[in-house]
Amino acid sequence: NNEKSVPQLLIRDLKFEKSLAKLMFSPDQENHPSKAPVKYGELIVLGYNGSLPNGDRGRRKSRFALFKRSKANGVKPSTVHIACTPQAAKAISNKDQHSISYTLSRAQTVVVEYTHDSNTDMFQIGRSTESPIDFVVTDTVPGSQSNSDTQSVQSTISRFACRIICERNPPFTARIYAAGFDSSKNIFLGEKAAKWKTSDGQMDGLTTNGVLVMHPRNGFTEDSKPGVWREISVCGNVFSLRETRSAQQRGKMVENETNQLQDGSLIDLCGATLLWRTAEGLSRTPTVKHLEALRQEINAARPQCPVGFNTLAFPSMKRKDVVDEKQPWVYLNCGHVHGYHNWGNKEERDGKDRECPMCRSVGPYVPLWLGCEAGFYVDAGPPTHAFSPCGHVCSEKTTAYWSQIPLPHGTHTFHAACPFCAHQLAGEQGYIRLIFQGPLD
């Protein structure tokens, strides 16, 4: 075939391949197109089953991957200035340099300047949509189907809530600090914020509603157990919890613990909780493809409704909010799976509780939904159990793990919740084993 007659746009065209490589890889990878970018880990917001209700857009999404930046943007503390007036403090904190200002009184402000750190990358998380924020997080409303449900709530998430600093060299350690730098590269702790001088003469403080962290014991695996919730300071020190979220008095310093994130660490921003998964941890986690295979396997077994004898099927991952006519439903007290039917609906029971035709136990009757966010799974087991009362289905070990985790709620309470929709768990265990009826043929 005459080479000139080949259309210029064919992918075989080497020029095109080269320009495609340039588009796909960041500048420092152009010379080695085979080299994938280094991923430090991912943050996944609890309460969303794979994406935000109105879809993921830009920096506002249900999960955020942290990749090595083409150029380091980390910072580390350098000079400490003690200024006598707020005006002097403003003069010290120039727009081109990161700094943290601690207002001790009207007469005294301490300004700590931060200098560039070529060994680390910084990522900032908060409610603000200003450019320094890499991952925009809004308040999670349990079971909300659209973002409009969440807008009326007065947010308790800080505009510049926290920052994560990742080492650019192996083992790519990630550390968390309370508060993020604003557009003028400043963190400002006002008179009311809890702050103090440390034993080595440095300053430290806490943000209004605080940044809480819990590291699970035994990593994020099927043997995981809940750890203890701690509060992280602006300088990354670890403290026991305050009496309430915004109390003036800080907790006790916990000397033997660090702000280093590990696979499965939970970060609570008072209004939203994030799960940190390391790149290595994610490589051992089931993929969406694996979950899809499990869904097809369950559907291929043709489970039946024991009343209508119709075949049941879990809808595809994309249709995870619309109740389908073949959708399996479950009686939450016993776990018997049915198709939707009007049997046993006692009017005097408010229509909420139903009697199971199989075993006559009375309780809520809800549709079942597959848990599609693979990052929440502690193992790759089959979807045999459902959270109660929401009906999200996943592996037994995953339901057992999340049902033991006390998640911060409001300013001073904790309760277990479904990771896929953030609904508070109910019943003795918070989950139930599903009993499917196979086809009669």
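What comes next is a walk through the structure. Bear in mind the structure is a predicted one, so any value in this text is a computation, not a measurement. (Residues numbered from 1 in each chain as written. Predicted model: local features only at pLDDT ≥ 70, side-chain atom pairs only at ≥ 80, totals over all residues. Heavy atoms only, no water.)

**Some details on the overall build of the protein chain**
Along the protein chain, the regular secondary structure elements total 6 helices and 27 strands. Looking at the protein chain as a whole, 48% of its 441 residues qualify as buried. The long-range fraction of contacts in the protein chain, counting pairs at least 24 apart against all pairs at least 6 apart in sequence, stands at 62%. Counting every atom, the protein chain has about 22300 Å² of accessible surface; 51% of that belongs to carbon and sulfur. (Helix = DSSP H or I, 4+ residues; strand = E, 2+ residues; numbered from the N terminus. Buried < 20%, exposed > 50% of the residue type's maximum accessible area, 1.4 Å probe, protein only. Contact = heavy atoms within 4.5 Å. Areas by Shrake-Rupley, 256 points an atom, 1.4 Å probe, with all protein chains shown as cover.)

**Re the pairing of strand β4 (residues 99-105)**
Burial runs high along β4: 5 of the 7 residues are buried. The pairing of β4 with strand β5 (residues 108-117) spans 6 bridges and is classified as antiparallel. Among the inter-strand pairings, Ser 99 is bridged to a residue of β5, identified as Glu 113. Between β4 and β5, which pair antiparallel one after the other, the connecting turn spans 2 residues. Relative to strand β10 (residues 186-189), β4 runs parallel, the two being bridged by 4 bridges. Paired with Ile 100 across the bridge in β10 is Ile 187. (Pairing = 2+ DSSP bridges.)

**Some thoughts on the side chain of Ser 101**
With respect to the helices and strands, Ser 101 occurs in strand β4. Assessed through its relative accessible area of 3%, Ser 101 is described here as buried. In terms of polar contacts, Ser 101 uses its side chain to reach the side chain of Asn 186, at 3.4 Å. If we ignore the near neighbours within four places in the chain, the residues touching Ser 101 are Thr 109, Val 110, Val 111, Asn 186, Ile 187, Phe 188 and Leu 189. (Polar contact = N/O pair within 3.5 Å; in protein donor to acceptor, adjacent residues only side chain to side chain.)

That is the geometry; function is a separate question.
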